[in-house]
Amino acid sequence: MEIIEDRSVDSCQEITIVGGGPAGLFCAYLLLKAGHKVKLYDHSSAVGKKFLVAGNGGLNISHSEDLNSFSSRYGKDAKLFKKLLGAFSPVDLRDWCTELGIETFVGTSGRIFPKGLKSVELLSAWIDKLKSNENFKLYLRHKLIGITNEKKLTFENCDKKIIVNSKVVIFALGGASWKITGSDGLWSKVLSDLGVKLSSFRPMNCGFERVWSEFFKREVDRCSLKNIELRFLGKTAKGEMMLTPYGVEGGVIYALSNFIRDELIESGVAKITIDLKPGLSLEALTQKLAKRSKKSTLSNHLRKVLGFDKMIFILLKELLSPEDFEDVDILAKKIKNLEIELSATRPIDEAISTSGGVCFSELNEFLELKAIPGVYFAGEMLDYEAPTGGYLLQGCFSSAWMVVKGIRSKGIFPDSRE
Ligand SMILES: Cc1cc2nc3c(=O)[nH]c(=O)nc-3n(C[C@H](O)[C@H](O)[C@H](O)COP(=O)(O)OP(=O)(O)OC[C@H]3O[C@@H](n4cnc5c(N)ncnc54)[C@H](O)[C@@H]3O)c2cc1C
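As the structure is a computational prediction, the values presented were derived from the model and not from experiment.

Conventions used here
Residues numbered from 1 in each chain as written. Predicted model: local features only at pLDDT ≥ 70, side-chain atom pairs only at ≥ 80, totals over all residues. Heavy atoms only, no water. Helix = DSSP H or I, 4+ residues; strand = E, 2+ residues; numbered from the N terminus. Buried < 20%, exposed > 50% of the residue type's maximum accessible area, 1.4 Å probe, protein only. Contact = heavy atoms within 4.5 Å. Areas by Shrake-Rupley, 256 points an atom, 1.4 Å probe, with all protein chains shown as cover. Lys, Arg positive; Asp, Glu negative; His and termini not counted. Charge placed at Lys NZ, Arg CZ, Asp CG, Glu CD. Axes fitted to C-alpha atoms, helices over the stretch in contact; angles between N-to-C directions. Parallel < 35°, antiparallel > 145°, perpendicular 65-115°, else oblique. Left-handed = near helix turned anticlockwise from the far one by under 90°. Salt bridge = Lys/Arg side-chain N within 4 Å of Asp/Glu carboxyl O. Pairing = 2+ DSSP bridges. Domains from an automatic or database assignment. Buried area = accessible area lost by both parts, 1.4 Å probe. Polar contact = N/O pair within 3.5 Å; in protein donor to acceptor, adjacent residues only side chain to side chain. Nonpolar A, V, L, I, M, F, W, Y, C, P; charged D, E, K, R; others polar. Near = heavy atom within 4 Å. Arc of directions from axis to C-beta.

**Re the overall build of the protein chain**
Argument step 1. Across its full length, the protein chain carries 15 helices and 21 strands.
Argument step 2. Referenced to the eigenvectors of the C-alpha coordinate spread, the extents of the protein chain come out at roughly 85 × 45 × 35 Å.
Argument step 3. Counting every position in the protein chain, which comprises 418 residues, the buried fraction comes to 52%.
Argument step 4. Of all intrachain contacts in the protein chain linking residues separated by at least 6 positions in sequence, the fraction that spans at least 24 positions is 69%.
Argument step 5. For the protein chain, the accessible area works out to roughly 18900 Å², and carbon and sulfur atoms hold 51% of it.
Argument step 6. The averaged location of the 52 negative side-chain charges in the protein chain is 3 Å from the averaged location of its 58 positive side-chain charges.

**A short note on the packing of helix H11 (residues 282-290) against helix H14 (residues 328-336)**
Argument step 1. One way to put it is that H11 packs onto H14 with a least axis distance of 9 Å and a crossing angle of 130°. Taken as axis vectors, H11 and H14 run oblique relative to one another. Of the two elements, H11 crosses H14, and the hand of that crossing is right-handed. Here H11 contributes Leu282, Leu285, Thr286, Leu289 and Ala290 to the contact with H14, which in turn contributes Val328, Asp329, Leu331, Ala332, Lys333, Ile335 and Lys336.

**Description of the pattern of salt bridges**
Argument step 1. In the structure shown here, the tally under the stated rule is 19 salt bridges.
Argument step 2. Between aspartate 77 and lysine 76 there is a salt bridge, with its nearest N and O atoms 2.6 Å apart.
Argument step 3. The exposure class of aspartate 77 is buried, given its relative accessible area of 10%.
Argument step 4. One salt bridge in this structure joins lysine 226 and glutamate 240, with 4.0 Å as the shortest N-O distance. Remark: glutamate 240 occurs in strand S15 (residues 235-244) and lysine 226 occurs in strand S14 (residues 223-232); sequence separation between them is 14 residues.
Argument step 5. Each of Glu209, Arg346 and Glu350 takes part in one network of salt bridges that share partners.

**What to know about the sheet that holds strand S7 (residues 136-139)**
Argument step 1. Read from one edge to the other, the open sheet built from 5 strands follows the order S7-S3-S2-S11-S21, with strand pairing classed as parallel. Every interior strand has two partners, whereas the edge strands, S7 and strand S21 (375-377), have only one. Going from strand to strand, the sheet's axes swing by 20° on average, the running direction of each strand aside.
Argument step 2. Pairing of strand S3 (residues 37-41) with S7 involves 4 bridges; the strand directions are parallel. For lysine 39, the partnering residue across the bridge sits in S7 and is lysine 137.

**Considerations on the domain arrangement of the protein chain**
How big an interface is tends to be stated in terms of the accessible area lost upon association of its parts.
Argument step 1. Considered domain by domain, the protein chain is made up of domain 1 (3-204 + 351-409) and domain 2 (208-345).
Argument step 2. The gap between the C-alpha centroids of domain 1 and domain 2 is 39 Å.
Argument step 3. Taken together, the contact pairs 7 residues of domain 1 with 7 residues of domain 2.
Argument step 4. Counting each side, the surface lost to burial between domain 1 and domain 2 is near 570 Å², with a carbon and sulfur contribution of 58%.
Argument step 5. Of all residues in domain 1, the largest losses of buried area upon contact with domain 2 belong to Arg202, Pro203 and Met204, amounting jointly to 55% of the total for that side.
Argument step 6. At the junction of domain 1 and domain 2, the tally comes to 1 salt bridge.
Argument step 7. With its nearest N and O atoms 3.1 Å apart, the salt bridge here joins glutamate 385 to arginine 261.
Argument step 8. Taken together, the connections running from domain 1 to domain 2 amount to 4 residue pairs in polar contact (both at pLDDT 80 or more).
Argument step 9. Ranked by the residues each element gives to the side of domain 1 that touches domain 2, the list is headed by strand S12 (residues 198-204), at 3 residues.
Argument step 10. Looking at side-chain class alone, the side of domain 1 that touches domain 2 contains 4 nonpolar, 1 polar and 2 charged residues.

**A word on the sheet that holds strand S4 (residues 62-63)**
Argument step 1. Across the sheet, 3 strands lie side by side as S4-S6-S5; this open sheet has antiparallel pairing. The open sheet has two edge strands with one neighbour each: S4 and strand S5 (104-106).
Argument step 2. Of the strands in this sheet, S4, S5 and strand S6 (111-114) are in contact with helix H5 (residues 90-99), which crosses S5 at around 145°.

**So, the site of the ligand**
Argument step 1. Taken together, 30 residues sit near the ligand, with Asp42, Asn60, Ser183, Glu380 and Leu393 positioned nearest.
Argument step 2. Alanine 23 has a polar backbone atom sitting 3.0 Å from an oxygen atom of the ligand.
Argument step 3. In the model, an oxygen atom of the ligand is placed 2.8 Å from a nitrogen or oxygen of the glutamate 380 main chain.
Argument step 4. When the ligand sits alone it has 1000 Å² of accessible area, and the protein chains cover 95% of it.
Argument step 5. When residues of the shell around the ligand are traced back to their parent elements, those giving at least two are helix H1 (22-33), helix H2 (49-54), strand S8 (143-147) and helix H15 (391-409).

**Concerning the packing of helix H4 (residues 78-87) against H15**
Argument step 1. Packing of H4 against H15 brings their axes to within 9 Å, and their N-to-C directions diverge by 75°. Of the possible angle classes, the one that applies to H4 and H15 is roughly perpendicular. Touching Phe81, Lys83, Leu84, Leu85 and Ala87 of H4 are Gln394, Gly395, Ser398, Ser399, Trp401 and Met402, all from H15.
Argument step 2. Classifying every residue of the contact of H4 with H15 by side-chain character gives 6 nonpolar, 4 polar and 1 charged.

**Things to note about H5**
Argument step 1. Burial in H5 covers these residues: Pro90, Leu93, Trp96 and Cys97. Each buried residue of H5 sits inside an arc of 115° when the element is viewed along its axis, so together they form one side.
Argument step 2. Positive phi shows up at glycine 101, right after H5, with a value of about 90°.

Here you go:
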């Protein structure tokens, strides 16, 4: 039989956080530092699982570019993020890492990383700090399944239902990709039942599908095209792109993924254009192609004068007609404007991040629900999107900081007004 346990919180000093990703953990850190009591609930078996995954290829925690460029990365929400970043900036984030004993550095691309590149050291130092505070309580394997207008939360824990009445609640439940890390997006049902306006989840920083020939699929096996330029609907991105048996992935694709995704939603097909030699003018490229001796095969010539490997030649064969190879002017134009038609986004669970979630129109400047004061939101569950490059995590930290500022500036904690 189901046991009901009541764990309600009487005092405003005690704050309930649901979700133990970077956004929730950072709220906990700031609140404990200010002397509050924090109870953090998460349905996973451990906190920070997605943060750990983010460190697999080098944890890019933020970016060093100026505030205007930084905030422009959040598209429609640039103005709002200018405020959030102004309140808690990339410099503040680096200082906080130092406070935890983790040094950071700025890479040649301007991206900011912890010195060891991985998440694990930073996460361990962070969790140790939280756990060493007697005002912190962590409840794992507690799944939020309901909330009422009176801020009565219901959690499921094994065969138990736990009820928590809390005066101040922070939700930091993440997006809807990489379910394996706990970010399943199922909280959207709980919040829409409460009447909170949500925007539907869409993949962001994701790969795309393309119907390749069977021969190409067999040959390709994750090949990387370096130093290319991707163009799509007037936008450009320079860097690396991966070819896979199912389609395309990689940095330049992620950078324009929201535009490609939206075009696919609208018209069912999206045609990207790549320039395989952005550093060479069309004239210079044409001249190089024209210098082919009769003895040299075309694939050898492309390798010698343009550095194209076998896979690029196979890609050209896949996408061009036999006639395109016969005329150097046409071939040069195609190399600089190679069109690839994409047919679908990859499944949302594979995406690095998701767009959609709690609409900002529902919230005040401190990311507090206008309809139910005392309910706050932080991190990826908010309806914003940004490319990779440290913008996702900085968004989590800055929004968490604003939530804590909101709670403390309310004056409900007589000893803590800033
Ligand atoms: C492969 C990969 C690489 C990435 N690399 C980078 C990078 O280099 N730089 C960067 O800036 N960002 C990167 N990101 C994105 C970054 O990890 C996320 O933006 C960030 O983790 C979001 O933090 P969050 O706290 O908002 O949510 P999450 O980290 O998703 O945490 C949400 C938490 O809520 C819990 N939860 C969810 N639903 C419930 C429920 N109903 N009840 C109780 N608990 C619940 C989950 O278990 C989870 O612990 C990467 C992501 C991936 C997948």
